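# A look at the structure
The chain contents come next:
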Amino acid sequence: MNTIDLRSDTVSWPTPAMREAMANAEVGDDVWGDDPTVNRLEEMAAAMVGKEAAVFVPSGTMANLAAAMAHCGRGDELILGNQAHSFRYEAGGVAVLGGIHPHVLPNRPDGTLALDEIEAAVRPDNDHFPRSRAILLENTHNICGGKAIPTSYMAAVRQLADRHGLVVHLDGARVFNAAVALNCPVTEITRHVDSVSFCLSKGLCAPVGSLLCGPAGFIRRARRARKVLGGGMRQAGILAAAGIVALEQMIDRLAEDHANARKLARGLADTTGVDLDPAAVETNMVYFELNESVPLEPATLIERLDREHNVKIGGRGGRLFRAVTHYWITPGAVDTALQGIQAILEEAGS
Ligand SMILES: *Cc1c(COP(=O)(O)O)cnc(C)c1O
C-alpha cells in the first residue's frame, strides 16, 4: 500500500498467507453444509468465543440483522444505543426487514448505556406496547471512539437482562480489539452475552466475512435468516480460508495497531490546531477535531492530505475526523501522516 489509508480498518488487504490459503481452500456447497473450510471456520469461531455454534455471513451488517431476526419476532423490541453501528449505519435493517422495533437510548461517551435507562426502557406486559425482547451492546464501541467496554459492565447488563428475561446480543465487530485492549480472554467479554457477531474483514484483514455465534437453536434460526437475506453462499470456503488465517494469525498482533493509534494520538495532541484527548484512544481508532481557530475547511484538510501526502483520513461531520490503524499501517506511516497534517496546518497559519 503506497497510500496510507486510515479511513477505516475495513480497507485492510488480505495478507499473503490469506491469499495462499484461499487459492488452496477445499470447498463444497455451504448452503447444503458441505463446505469443509466454512465448517471448520464456524467451529473455530464458536469455540473461540465460548458458544455452541456459529454461522459465516458476508458482512457484519448481516450478522447483526440475522441475530436480531433470530432473537426477535415482528413487534418485538430491541434496546440499543443511539450511537450503535446497528442503529446508525445498517440502513434500519431491523425495522425494514425484521419488523423489529428499535428502542433507542443515548450512548454515554464511553459507549455504554446507563443501566437505569435500560431498566426503565423494559416494557410491562400490556397490549399497547411492543414486547421487550433483546438488548444490543457494541464492544469496542466504534462511534464512541473505539472504546473497549469493561467486562464488569457486560456482567451488569447480563444481570439486568436476566432479571427481565431479555437476551443480549453483542455487536463485537471488533471484539478481539476489545479483548486485546482489556488484556483478557475474549470469552471474559462474550460469556456475558447470548450471541456475538464479529468481523473478519476489519483489523483481522480477511477480505470478506463475519461470524455470528451463539446457542445451537439460535444459530439454526440465524441460518434461515441468512438465507432469506440472500446471504447463503456456495463455495464460500474460498473466503472462509482467509478467515481461518485471520483467527490464527491476526489477533495477538492487534496490540501493534493500538500502539500505532496511541502514537498517532500523541502526535496529534502535540499539533497546534488539533483537539483530542490521547487518553481517550484505547484501541485502533483516533477521533480528532480541527480547532475552530484554524482557517481551514475540514474537506480541504482531507483533500490536501490525500493529494499532497497520499494519506487518507475520514471526515465524521463538522470538524471531526477519524483515523484508524490496521495491519498495513506501520509506525513510519503514522509519522508520514502526522507530518502531512502538521505541514498543512502550519501553512494554514494555525
Ligand atoms: C463495521 C461494523 C459493522 C458492520 O460490518 P460490515 O461488514 O461493514 O457490514 C457492525 N458493527 C460495527 C461496530 C462496525 O464497526
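Before going into details, it helps to say that this report is about the structure given with it. (Residues numbered from 1 in each chain as written. Predicted model: local features only at pLDDT ≥ 70, side-chain atom pairs only at ≥ 80, totals over all residues. Heavy atoms only, no water.)

## Some words on the nonpolar core
Side chains that are nonpolar tend, in soluble globular proteins, to be buried together. Rules: What we call a nonpolar core is a set of buried Ala, Val, Leu, Ile, Met, Phe, Trp, Tyr and Cys residues that are connected through their side-chain atoms within 4.5 Å. The cut-offs for exposure are 20% and 50% of the maximum accessible area for each residue type, with area from a 1.4 Å probe on protein chains only; residues under the lower value are buried, those over the upper are exposed, and the others partly exposed. Whether two residues are in contact is decided by their heavy atoms, any of which lying within 4.5 Å being enough.
Counting 56 residues, the largest nonpolar core has Phe56, Phe176, Phe198, Leu200 and Leu247 as the members making the most contacts within it. Beyond its immediate stretch of four places on either side in the chain, Phe198 contacts Ala45, Val49, Gly172, Ala173, Val175, Phe176, Ser210, Leu211, Cys213 and Leu247. Grouped together as the second largest cluster of nonpolar side chains are 29 residues, Leu6, Leu264, Val274 and Ala348 included.

## A closer look at the packing of aromatic side chains
So the rule is basically this: Two aromatic rings from Phe, Tyr or Trp, using only the six-membered ring of Trp, form a pair when their centres are within 6.5 Å; if the ring planes differ by under 30 degrees the pair is stacked, by over 60 it is edge-to-face, and anything between is tilted. Strands here mean DSSP runs of E at least two residues long; helices mean DSSP runs of H or I at least four residues long; both are numbered from the N terminus.
This model, assessed by the stated rule, comprises four aromatic pairs. An angle of 80° between the planes, with centres 5.0 Å apart, marks the rings of Phe176 and Phe198 as edge-to-face. Of the two residues, Phe176 sits in helix H8 (residues 175-182) while Phe198 sits in strand S7 (residues 195-199), which places them 22 residues apart along the sequence. What makes Phe176 buried here is its relative accessible area of 5%. With relative accessibility at 1%, the residue Phe198 sits in the buried group. Taking the centre distance of 5.3 Å and the plane angle of 20° together, the rings of Phe288 and Phe321 count as stacked. Here Phe288, found in strand S10 (residues 285-290), pairs with Phe321, found in strand S13 (residues 320-324); they are 33 residues apart in sequence, far enough to count as distant. One exposure class covers both Phe288 and Phe321, and it is buried.

## Thoughts on unusual backbone geometry
Both trends apply: most residues other than glycine have a negative phi, and most peptide bonds are in trans. Cis peptide bonds are those with omega within 30 degrees of zero, and the linkage from Asn139 to Thr140 qualifies with 0°. Within the secondary structure, Thr140 sits in the loop between strand S5 (131-138) and helix H7 (151-164).

## Some thoughts on the pairing of S13
Put simply, the rule is: Strands pair, by our definition, only if DSSP identifies at least two bridges between them.
In terms of burial, S13 is a largely internal element, four of the five residues being buried. Inspection of the sheet shows S10 paired to S13 by five bridges, in the antiparallel sense. Residue pairing in the sheet places Phe288 in a bridge with Phe321 of S13. Of the pairings in the sheet, the one linking strand S12 (residues 314-315) to S13 comprises two bridges and is antiparallel in character. Counterpart to Gly314 in the pairing with S13 is Arg322. Between the end of S12 and the start of S13, which pair antiparallel, lie four residues, with Gly317 showing a positive phi angle near 90°.

## What to know about the site of the ligand
Using the following cut-off: Being near a molecule or strand, for a residue, comes down to having at least one heavy atom within 4 Å of it. Residues adjacent in sequence count toward polar contacts only when both atoms are side-chain atoms; beyond that, a polar contact is any pair of N or O atoms within 3.5 Å, and within protein one must be able to donate a hydrogen and the other to accept it. Computed with the Shrake-Rupley method and a 1.4 Å probe, the accessible areas treat only the protein chains shown as cover for residues. Residues are grouped as follows: Ala, Val, Leu, Ile, Met, Phe, Trp, Tyr, Cys and Pro are nonpolar; Asp, Glu, Lys and Arg are charged; every other residue, Gly included, is polar.
The environment of the ligand is formed by 13 residues, the closest being Gly60, Thr61, Asp171, Arg174 and Lys202. Side-chain polar atom of His85 to a nitrogen atom of the ligand: 3.4 Å apart, as the coordinates give it. At 2.7 Å from an oxygen atom of the ligand is found a side-chain nitrogen or oxygen belonging to Arg174. Protein contact buries 85% of the 380 Å² of open area that the ligand shows by itself. In terms of residues, the shell around the ligand owes the most to one element, helix H3 (residues 60-71), which gives three residues. Here the shell around the ligand is built from residues that sort into two nonpolar, six polar and five charged.

## Some words on helix H10 (residues 216-228)
Spelled out, the test is: Any helix carries an expected span of 1.5 Å times its number of residues minus one. Directions from the helix axis toward the C-beta atoms define the arc.
In a regular helix each residue adds 1.5 Å, so 13 residues correspond to 18 Å; H10 covers 19 Å between its end C-alpha atoms and thus fits that length. Within H10 the residues assigned to the buried category are Phe218, Ile219, Ala222, Ala225 and Arg226. Seen end-on, H10 carries its buried residues on one side only, within an arc spanning 110°. Exposed residues lying more than 90 degrees from the buried face of H10 are Arg220, Arg224 and Val228.

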